Amino acid sequence: RETTVLWNRTTGQPVHHAIVWQDRRAEPLCAQLREQGLSDTIREKTGLVIDAYFSGTKLRWLLDNVPGARAQAERGELAFGTVDSWLMWQLTGGKVHVTDVSNASRTMLFNVHTNDWDADLLKALDIPAALMPKVQPSSSHFADTDAALLGHALPIGGVAGDQQSALFGQACFEAGMAKNTYGTGCFLLMHTGGAFQPSHNGLLVTSAAQVDATPQYAMEGSVFVGGAVVQWLRDGLKAIKGSAEVQSLAESVPDAGGVMMVPAFTGLGAPYWDADARGTITGLTRGTTVAHIARAALESIAYQSAALLQAMSRDAVAAGGKPVAELRVDGGASVNDLLMQFQADLLGIPVVRPEVVETTALGAAYLAGLSTGVYTDARQLSKLWKVERRFMPTMGRAQAEESMARWERAVRQATAT
């Protein structure tokens, strides 16, 4: 959703490498924007906080640092897009420059109330409006593919940011329904319907996937390092040879032995938002083994997600709603039973894994199916969603609260200056 591409409209070639969502090179610009007092304006218009995570400042970096890019942009020779825009440009032979509302809402340049690019924010970041793609509902006819590519011109009818697409694929269509995707990072979204519900607990408001021009919103928290901590165990620490080994290694010990890991390899996202935080492992003793560290690494994914859901539930209650009653899960790491059970234990609510855990692709297919008449409405899609396993909490609430208190103490250590 945030990976940023800038390309030449004539040649179709990028002017620089894509800048991926985890890249932090734009943080100095973000600091300038905060010093200029733009935090409240950006939050009110976009639902976001000022952070290098979002694509607006990545685009500004490209304009400022790629030789000739700004002059070309001002002459209308360049196009900006997230990966969806780039793909549609390529699939149509450069005929369309378009995105959907859910991807646009992750730029820090899009007004989620009006569903359009915000002239004041474009000016504040010094970004020419000519760079920006057209914005459409997530379920709509975006274009037809170039017939030469696939042998036939096929309609592109569903486009959404990966996390909003997963929310849609999980059939979370009503306010209060929530899902967590366990991938490289973790992304927890709760649908809030047509209500722009500001967070008072460090979360974001983002545009949910939309089937028409009516704004729909979701509250979101992002964990920068989720499943990536398992990759670090494999590639950095050399503790395992393959990611699939982590569950058996973690299960070889009854608990983490007091070890806590805060994998702040690229800072901490919601609800902490500390770009300067760095990873820590605390609680080490002579009895600590690599299995304890592996278990602490796995548990860190659940701890971060629990902190997000607790913040989300506080916001829901403050807005007159109810705490999240169950959490639907998906993504690669959701197949790890140990992690899912620990997640349910920390949260004290059911964690529900569907039969299809690749819900990001499923959501995009549902959106395309709606726009092309394969499906009739959301009610039909809800009936297609099936439970594979429901993880019920087994840990006492006092023990869970004590565990979360230990996590928060470890976070304070990781963010100490």
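Residues numbered from 1 in each chain as written. Predicted model: local features only at pLDDT ≥ 70, side-chain atom pairs only at ≥ 80, totals over all residues. Heavy atoms only, no water.

Draft legend 1. How the structure looks around the overall build of the chain. What the chain contains, in helices and strands, is 16 helices and 17 strands. A principal-axis box enclosing the C-alpha atoms of the chain has dimensions of 65 × 50 × 45 Å. Long-range contacts, defined as pairs at least 24 residues apart, comprise 71% of the intrachain contacts of the chain with a sequence gap of at least 6. Total accessible area on the chain stands at roughly 17000 Å², and carbon and sulfur atoms take up 53% of it. (Helix = DSSP H or I, 4+ residues; strand = E, 2+ residues; numbered from the N terminus. Contact = heavy atoms within 4.5 Å. Areas by Shrake-Rupley, 256 points an atom, 1.4 Å probe, with all protein chains shown as cover.)

Draft legend 2. Broad picture of the packing of aromatic side chains. If you walk through the whole model with that rule in mind, you get 14 aromatic pairs. Ring plane angle 35° and centroid distance 4.8 Å describe the contact between Tyr-53 and Phe-54, whose orientation is recorded as tilted. For Phe-54, a relative accessible area of 0% puts it in the buried group. Note on Trp-232 and Phe-265: the rings are 5.6 Å apart at their centroids and 45° apart in plane angle, and the pair reads as tilted. Of the two residues, Trp-232 is situated in helix H10 (residues 228–235) and Phe-265 in the loop between strand S13 (260–262) and strand S14 (280–282); the sequence distance between them amounts to 33 residues. The partly exposed category is assigned to Phe-265, whose relative accessible area is 34%. Taken together, the ring pairs in this structure connect Trp-21, Tyr-53, Phe-54, Phe-187, Phe-224 and Trp-273 into an aromatic cluster. Arg-328 extends its terminal NZ or CZ atom over the ring of Trp-385, reaching a point 3.5 Å from the ring centre. (Phe/Tyr/Trp six-rings, centres within 6.5 Å; stacked < 30°, edge-to-face > 60°. Buried < 20%, exposed > 50% of the residue type's maximum accessible area, 1.4 Å probe, protein only. Lys NZ or Arg CZ within 6 Å of the ring centre and 35° of its normal.)

Draft legend 3. Structural context of the pattern of salt bridges. Considering all chains together, one arrives at 23 salt bridges under this definition. The partner of Glu-326 in a salt bridge is Arg-328, and the shortest N-O contact between them spans 3.4 Å. Its relative accessible area of 12% is what places Arg-328 among the buried residues. (Salt bridge = Lys/Arg side-chain N within 4 Å of Asp/Glu carboxyl O.)

Draft legend 4. Summary view of unusual backbone geometry. Going from Ala-270 to Pro-271, the amide bond is cis rather than trans, its omega being 0°. You can see Pro-271 is positioned in the loop between S13 and S14. Although it is not a glycine, Ala-171 sits at a positive phi angle of roughly 60°. With respect to the helices and strands, the residue Ala-171 is situated in the loop between helix H9 (162–169) and strand S9 (178–182).

Draft legend 5. Here's a closer look at the nonpolar core. Counting 111 residues, the largest nonpolar core has Ile-127, Leu-131, Met-132, Tyr-182 and Leu-327 as the members making the most contacts within it. Of the residues forming this core, the biggest block, 16 residues, is contributed by helix H12 (residues 290–318). When near neighbours in sequence (up to four residues on either side) are disregarded, Leu-131 contacts Leu-6, Arg-9, Leu-59, Leu-63, Ala-73, Leu-78, Ala-79, Phe-80 and His-97. Ala-160, Val-352, Leu-367 and Leu-370 belong to the second largest nonpolar core, which has 11 residues in total. (Core = buried A, V, L, I, M, F, W, Y, C linked by side-chain atoms within 4.5 Å.)

Draft legend 6. Quick look at a nonpolar patch on the surface. Together, Val-83, Leu-87, Leu-91, Leu-149, Leu-150 and Leu-154 make up an exposed nonpolar region whose accessible area comes to about 510 Å². Put simply, the parts of the chain that give the nonpolar patch at least two residues each are helix H5 (83–91) and helix H8 (147–150). With three residues, H5 is the largest single contributor of residues to the nonpolar patch. Examined against the element boundaries, Leu-149 turns out to sit in helix H8. (Patch = residues over 30% accessible without salt bridge, like charges linked within 9 Å, V, L, I, M, F, W, Y side chains within 5 Å.)

Draft legend 7. Spotlight on the sheet that holds strand S12 (residues 217–223). Taken together, the seven strands give an open sheet; going across it, the order is S11-S12-S10-S9-S15-S16-S17, and neighbouring strands pair in mixed fashion. Bordering the open sheet on either side are strand S11 (204–207) and strand S17 (387–391), each of which pairs with just one other strand. This sheet shows a mean twist of 30° between the axes of neighbouring strands, independent of strand direction. Pairing geometry for S9 and strand S10 (residues 186–193), over five bridges, is antiparallel. Each bridged residue has a counterpart across the sheet, and for Lys-179 the counterpart in S10 is Leu-189. Helix H13 (residues 337–347) rests against S9, strand S15 (327–330), strand S16 (351–354) and S17 of the sheet, and its axis sits at about 145° to S16. (Pairing = 2+ DSSP bridges. Axes fitted to C-alpha atoms, helices over the stretch in contact; angles between N-to-C directions.)

Draft legend 8. Main features of the packing of H9 against helix H14 (residues 359–372). For the pair H9 and H14, the least separation of the axes is 7 Å and the interaxial angle reads 75°. Overall, the two elements H9 and H14 adopt an arrangement that is roughly perpendicular. Side by side, H9 and H14 meet where Asp-162, Ser-165, Ala-166, Phe-168 and Gly-169 of the first sit next to Thr-359, Thr-360, Leu-362, Gly-363, Ala-364, Tyr-366, Leu-367 and Leu-370 of the second. Among the residues making up the contact of H9 with H14, the classes are represented as seven nonpolar, five polar and one charged. (Parallel < 35°, antiparallel > 145°, perpendicular 65-115°, else oblique. Nonpolar A, V, L, I, M, F, W, Y, C, P; charged D, E, K, R; others polar.)

Draft legend 9. Structural view of the environment of Asp-315. Following the sequence through the fold, Asp-315 ends up in helix H12. Asp-315 sits in the buried class, given a relative accessible area of 2%. Sequence separation of Asp-315 and Gln-197 is 118 residues, and the distance between their C-alpha atoms is 8.3 Å. The contacts of Asp-315, once residues within four sequence positions are left out, are Gln-197, Pro-198, Ser-199, His-200, Asn-201, Leu-203 and Met-219.

Draft legend 10. Representation of helix H3 (residues 55–65). Burial analysis of H3 places eight of its 11 residues in the buried class, the great majority of the element. Along H3, the positions that sit buried rather than exposed are Ser-55, Gly-56, Thr-57, Lys-58, Leu-59, Arg-60, Leu-62 and Leu-63. Packing partners of the buried residues in H3 comprise strand S1 (5–8), helix H1 (27–35), helix H4 (69–74), strand S2 (78–81) and helix H7 (119–124).

Draft legend 11. How the structure looks around the side chain of Arg-328. Tracing the sequence through the fold places Arg-328 in strand S15. A distance of 2.6 Å separates a polar side-chain atom of Arg-328 from the backbone oxygen of Gln-170. A distance of 3.4 Å separates polar atoms of two side chains, one belonging to Arg-328 and the other to Glu-326. Excluding residues that lie within four positions of it along the chain, Arg-328 makes contacts with Gln-170, Ala-171, Cys-172, Met-177, Ala-178, Lys-179, Asn-180, Val-352 and Trp-385. (Polar contact = N/O pair within 3.5 Å; in protein donor to acceptor, adjacent residues only side chain to side chain.)

Remember that the coordinates give geometry; whether it matters functionally is a separate question.
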